[in-house]
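Spelled out from the first residue to the last, the chains are:
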Amino acid sequence: TMPLDSSNKPQMEYLGTIDAKGQDLIGKAVFVMKHFGSYFKLCNNCQDFCNMYLKEIGLEEGTRLTDGDASAITVAVVW
């Protein structure tokens, strides 16, 4: 790993503590990758992957609105 530049730390958000070995976290990442499916901008993108991984490691409060969610909200508001 590389040290984090201290200028980035104020932009970071504390999501919680994980009590796990690195190999366990890698295993969970592989599990999410296998269940993720094909990439698509509006419904299966990098934010969706991050949300799935955060849920898998127990940090579901860190999930964020995805492009698909935002599009659905926009359509609902417009209609």
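Here the residue index of a chain counts from 1 through its sequence in written order. Only residues with pLDDT of 70 or above have their local features reported here, since the model is predicted, and side-chain atom pairs are shown and tallied only from 80 upward, although totals for entire chains, interfaces and linings are computed over all residues. Side-chain metrics rest on all non-hydrogen atoms present in the structure, leaving aside hydrogens and water.

Caption draft 1: Seen up close, the nonpolar core. Counting 6 residues, the largest nonpolar core is built from Ala29, Val32, Tyr53, Leu54, Ile57 and Leu59. Elements with a minimum of two residues in this core: helix H1 (22-36) and helix H2 (46-56). Here a residue-residue contact requires only that any non-hydrogen atoms of the pair lie within 4.5 Å. Ignoring anything within four residues of it in the chain, the contact list for Val32 reads Phe49, Met52, Tyr53 and Glu56. The set of buried Ala, Val, Leu, Ile, Met, Phe, Trp, Tyr and Cys residues whose side-chain atoms join them within 4.5 Å is what this entry labels a nonpolar core. Buried, partly exposed and exposed residues are distinguished by accessible area as a fraction of the type maximum, computed with a 1.4 Å probe on protein chains only: under 20%, between the cut-offs, and over 50%, respectively. Secondary structure follows DSSP: runs of H or I at least 4 residues long count as helices, runs of E at least 2 residues long count as strands, and numbering of each begins at the N terminus.

Caption draft 2: Structural context of the pattern of salt bridges. For salt bridges, the criterion is a side-chain nitrogen of Lys or Arg within 4 Å of an Asp or Glu carboxyl oxygen. For the coordinates displayed, the defined rule picks out 1 salt bridge. Measuring nitrogen to oxygen at the nearest pair gives 2.4 Å for the salt bridge that ties Glu13 to Arg64. Remark: Arg64 occurs in the loop between H2 and helix H3 (67-78) and Glu13 occurs in the segment before H1; sequence separation between them is 51 residues. Using a relative accessible area of 52% as the deciding quantity, one classes Glu13 as exposed. The class for Arg64 is partly exposed, based on a relative accessible area of 36%.

Caption draft 3: Representation of the environment of Ser6. Among the structural elements, Ser6 can be located in the segment before H1. For the pair Ser6 and Ala20, spaced 14 residues apart in sequence, the C-alpha separation works out to 25 Å.

Caption draft 4: Molecular detail of the side chain of Asp48. Among the structural elements, Asp48 can be located in helix H2. Of the side chains bearing the opposite charge, Lys55 lies closest to the buried Asp48, which forms no salt bridge; the N-O distance is 8.4 Å. Every residue in contact with Asp48, bar those within four places of it in the chain, is listed here: Phe36, Cys43 and Thr66. Asp and Glu are treated as the negative residues and Lys and Arg as the positive ones, with His and the ends of the chain left uncounted.

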